[in-house]
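Working through the structure, step by step
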Amino acid sequence: MQGIGALSWLAVFLATSSAGLLQDHGEIHSAKVKGCVRADQPAQGPQLLNLGQRWKGTKPLAELRVKVSELTSVESSFEFRTFDPEGLIIYGDVQEKADWFILALRSGIPEMHIGKTGVSVTVSGGPLLNDGQWHRLLLKSTGQFLGQFVVLEVDGKVVLNAGLHSRDAQTPLTGHMRLALGGMLINTSELFTELLPPMDGCIRRWNWLNQNSSWLQDLSTSKPCFEHLSRGSYFSGAGLASFHSQDFPPGDAENWMLTIEMTVRPDEWKGTLLVITSKDHQPLLTLTMHEKEGSQSLQLDVKEVSLVLSHRPVRPCLETSLLLRVSAHGVMVQTNHSEERGELGDFAAWKQAWEEGTTLSFGGVPELLEGTGFPGQGYFQGCVGKIRVQGQELDLDSAHYKHDSIWSHSCPEWMEHS
C-alpha cells in the first residue's frame, strides 16, 4: 500500500464477499440497416447516460457538488450495464480530494480505490458485471464519520466494504461532497494500481445523494445507449482507431508472418476496414469493402498484389469472418465464403517495414493519406467483433488513437438471419 510505511498509524479495514441522457442524436442507422438491428436503436424509455463519451483524458462528463451540511442522504444508486472489462464508473470525494473514492471494473469485477491524506488502497471482489445485463448498484458511506467506509451493494448484496481509518481523533468533515461521472477529479498517479479509465457502459434509474438530476440536464452527449447489446466494437462511420506494430509480439524470426483476424457486421457494404502504413506514411496494406452492380466485394491490396473476393446476390445483414496473412509464401485473404491468394514480390522489404514501425488504422484512412490519391474508401460503419493481430486480441481503449465516435466494447444487436 502506497505510503503505509510512513503512516503506520493508519489502519486499513476491508472486507469482500463472493457474492446519456437520451437526446435527439439523429438517425444512426439508415433504412437499409434498420432491418438488421433489434427494435429501436438507440434505446427509448428512462433517462440513460453512456459513460464512454470520451476516449482520451479523465475530465468528468458531469459533476455534482453538495454542501456536507445540506446532505440528507449518503447513498447513491443506479443501474449499470456493460461488456467492458475495465474502466471507471464513478468518482466521489469530500473536502476537495482530502478523502476520495473511485468505483471501477477490472477484469469485469468491481474494484474500489480509496484515498486519504496521501495514502491509497485498492480492493476488489464480487460478481462479474461485464455480462451485458443491467445490474443495480448502491454506494453508501458508513461509520461514525462521513467517508470513513464506503460500501458497495450489487443487486441487493454487499460485495465490497472498504475504508481508511486513522487511530487519531477524527473530526466531522465539512465543506462539499462531490460526485463525478465519466472521469475523476484526481491525477491517475494517485491511484495505488493503474487503471484504464475509459468505460463503454450505460447507467439509468439513478438517485444521487437524494439530489435532483439538474446537474445532468444540459449534458451534451454524442453517444446514446443501444437498447439491445452484442459484443464487439461499433464504428459509427466518423473515425478510426490505430495501433503500432510494436504493440504485438515479434514472433518467429525465421518463419515470421503477419496474421490478422476479425469478424465484421457492416451496416452497409462499403468503407475502409484496415490500412497499414510504414513509418514514412507509405501504404503497405489496405482492406476495403465495395458494393456495386448487384455484388458485394472485399478487396485486399498489398503492394503490387490485389485480391478481390466477390459474391452475388447482395445479402443484407451479412456477418463475415476475415483472415489475412502476409508471409514469405505470399498474401492470403479468407472469409467464411471464399479465399484468394497472391505472390508478394519483395516480402523481405515488407517485413523490414513492419519491424521498423508501422501504424495499423482500423475503420478508415489516416488523415496523412487523405487527398494524396490513395485509393481507400470512406470510414467503415458497422460492428467489428474480436480483432486479433499476431494472436493478440485488441482492446480499442488501449489504442494509440481512437475517435470518440467509436464504441469500444458494444454493438447494437442484430436480428438472426440465415
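Here the structure is shown first, and the text comes after it.
Residues numbered from 1 in each chain as written. Predicted model: local features only at pLDDT ≥ 70, side-chain atom pairs only at ≥ 80, totals over all residues. Heavy atoms only, no water.

A few words on the pairing of strand S4 (residues 75–82). In summary, the side chains of a regular strand alternate between the two faces of the sheet. Of all 8 residues that make up S4, 7 are buried, and the element is covered over most of its length. Inspection of the sheet shows S4 paired to strand S9 (residues 135–142) by 6 bridges, in the antiparallel sense. Bridging from a neighbouring strand, glutamate 75 pairs with lysine 140 of S9. Where S4 meets strand S13 (residues 201–208), 6 bridges bridge the pair, whose relative direction is antiparallel. Residue pairing in the sheet places serine 76 in a bridge with tryptophan 208 of S13. (Buried < 20%, exposed > 50% of the residue type's maximum accessible area, 1.4 Å probe, protein only. Helix = DSSP H or I, 4+ residues; strand = E, 2+ residues; numbered from the N terminus. Pairing = 2+ DSSP bridges.)

To continue, consider the pairing of strand S12 (residues 176–181). Of all 6 residues making up S12, 5 are buried, and the element is well covered by its neighbours. Bridging between strand S3 (residues 62–67) and S12 involves 6 bridges; their strand directions are antiparallel. By the bridge assignment, leucine 64 is partnered in S12 with leucine 179. In the sheet, strand S5 (residues 87–94) pairs with S12 via 5 bridges, with the strands oriented antiparallel. Its bridge partner being in S12, glycine 92 is matched across the sheet by leucine 179.

Turning next to the packing of aromatic side chains. Following the criterion strictly, the structure yields 12 aromatic pairs and no others. On the numbers, 6.5 Å between centres and 40° between planes, the contact of phenylalanine 243 with phenylalanine 248 is tilted. Here phenylalanine 243 matches phenylalanine 248 in class, with each residue buried. Centre to centre, the rings of phenylalanine 243 and phenylalanine 362 are 6.3 Å apart; their planes meet at 80°, and the pair counts as edge-to-face. Highlighted residues: phenylalanine 243 in strand S16 (residues 241–244) and phenylalanine 362 in strand S25 (residues 359–362), separated in sequence by 119 residues. Accessibility assignment for this pair places phenylalanine 243 and phenylalanine 362 in one class, buried. What links up through ring pairs into an aromatic cluster is the set Trp256, Phe347, Trp350 and Trp354. Positioned above the aromatic ring of tryptophan 134 is the side chain of arginine 204, whose terminal nitrogen or guanidinium carbon lies 4.0 Å from the ring centre. (Phe/Tyr/Trp six-rings, centres within 6.5 Å; stacked < 30°, edge-to-face > 60°. Lys NZ or Arg CZ within 6 Å of the ring centre and 35° of its normal.)

Inspection of the entire model under this criterion finds 2 disulfides. Disulfide pairing places cysteine 202 opposite cysteine 225 at an S-S distance of 2.1 Å. Taking the sign of the S-S torsion, about -110° here, the bridge from cysteine 202 to cysteine 225 comes out left-handed. Residue cysteine 202 is found in strand S13, and its partner cysteine 225 is found in the loop between S13 and strand S14 (229–230); the two are separated by 23 residues along the sequence. Taking relative accessible area as the criterion, cysteine 202 reaches 6% and is therefore assigned buried. (Disulfide = S-S within 2.5 Å.)

If you trace the 6 strands from one edge of the open sheet to the other, you get S3-S12-S5-S6-S7-S8, paired in antiparallel fashion. The open sheet has two edge strands with one neighbour each: S3 and strand S8 (119–124). Between one strand axis and the next, the sheet turns by 15° as a mean value, whatever way the strands run. (Axes fitted to C-alpha atoms, helices over the stretch in contact; angles between N-to-C directions.)

If you check which residues of helix H2 (residues 347–356) are buried, you get Phe347, Trp350, Lys351, Ala353 and Trp354. Looking straight down H2, one finds that the buried residues subtend no more than 155° of arc, so they occupy a single side. Exposed residues on H2 whose side chains face more than 90 degrees from its buried face are Ala348 and Glu355. Positive phi appears at glycine 357, one or two residues downstream of H2, with a value of about 120°. (Arc of directions from axis to C-beta.)

With respect to the secondary-structure elements, asparagine 50 resides in strand S2 (residues 48–50). Its relative accessible area of 0% is what places asparagine 50 among the buried residues. Here the side chain of asparagine 50 touches glycine 52 through a polar contact of 2.8 Å, landing on its backbone nitrogen. (Polar contact = N/O pair within 3.5 Å; in protein donor to acceptor, adjacent residues only side chain to side chain.)

Inspection of every chain in the model, using the stated rule, returns 12 salt bridges. Between arginine 205 and glutamate 79 there is a salt bridge; the shortest N-O distance is 3.6 Å. Of this pair, arginine 205 sits in strand S13 while glutamate 79 is found in strand S4, placing the two residues 126 residues apart along the sequence. Judged by relative accessible area, which is 46%, arginine 205 ranks as partly exposed. (Salt bridge = Lys/Arg side-chain N within 4 Å of Asp/Glu carboxyl O.)

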